[in-house]
Amino acid sequence: MDGQKITITLASKPYTFNAKSPEEESLIRFAAEQIGKKIKDLSASYPAMSMEDKLSIVALRTCCTKLAYEKRLSDLEKECSSLLDEVKSYLKHTEESGR
């Protein structure tokens, strides 16, 4: 396997990953840090909640956020495409009118 073997800790358990690039290593470490912060926040609000439940909630919230960003990106791509079509149409009309 190519890349750098790294170990991160999630929910007090070590996990080993193979990062294919320094950028991927940075992303993995940052993601683990964010998960840890979210677990800590849940622990402060719900100290009796099981770690499994905390991880489930973190996963659900993260997935919902990702899906919302994907939808927003799709909407923006459609808007950009529509605007590009308008610009092309305008330029075509301008060129035809100028002849």
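Just above sits the structure.
The model shown is predicted, which means the values in this text are computed figures rather than measured ones.

Draft legend 1. The arrangement of the pattern of salt bridges in detail. By the definition in use, this model includes four salt bridges. A salt bridge links Glu70 to Lys66; the shortest N-O distance between them is 2.2 Å. Taken as a pair, Glu70 and Lys66 lie in helix H2 (residues 51-98) at a separation of four residues, close to a single helical turn. For Glu70, a relative accessible area of 39% translates into the label partly exposed.

Draft legend 2. The packing of helix H1 (residues 22-45) against H2, seen in detail. Between H1 and H2, the least distance of the axes is 10 Å, while the angle of their chain directions is 120°. On the basis of the axis angle, H1 is oblique to H2. The element H1 and its partner H2 pack so that their crossing is right-handed. Within the contact between the two elements, H1 uses Ile35, Lys38, Ile39, Leu42 and Ser43 and H2 uses Met51, Lys54, Leu55, Ile57, Val58, Arg61 and Thr62.

Quick notes on the rules
- Residues numbered from 1 in each chain as written.
- Predicted model: local features only at pLDDT ≥ 70, side-chain atom pairs only at ≥ 80, totals over all residues.
- Heavy atoms only, no water.
- Salt bridge = Lys/Arg side-chain N within 4 Å of Asp/Glu carboxyl O.
- Helix = DSSP H or I, 4+ residues; strand = E, 2+ residues; numbered from the N terminus.
- Buried < 20%, exposed > 50% of the residue type's maximum accessible area, 1.4 Å probe, protein only.
- Axes fitted to C-alpha atoms, helices over the stretch in contact; angles between N-to-C directions.
- Parallel < 35°, antiparallel > 145°, perpendicular 65-115°, else oblique.
- Left-handed = near helix turned anticlockwise from the far one by under 90°.
- Contact = heavy atoms within 4.5 Å.

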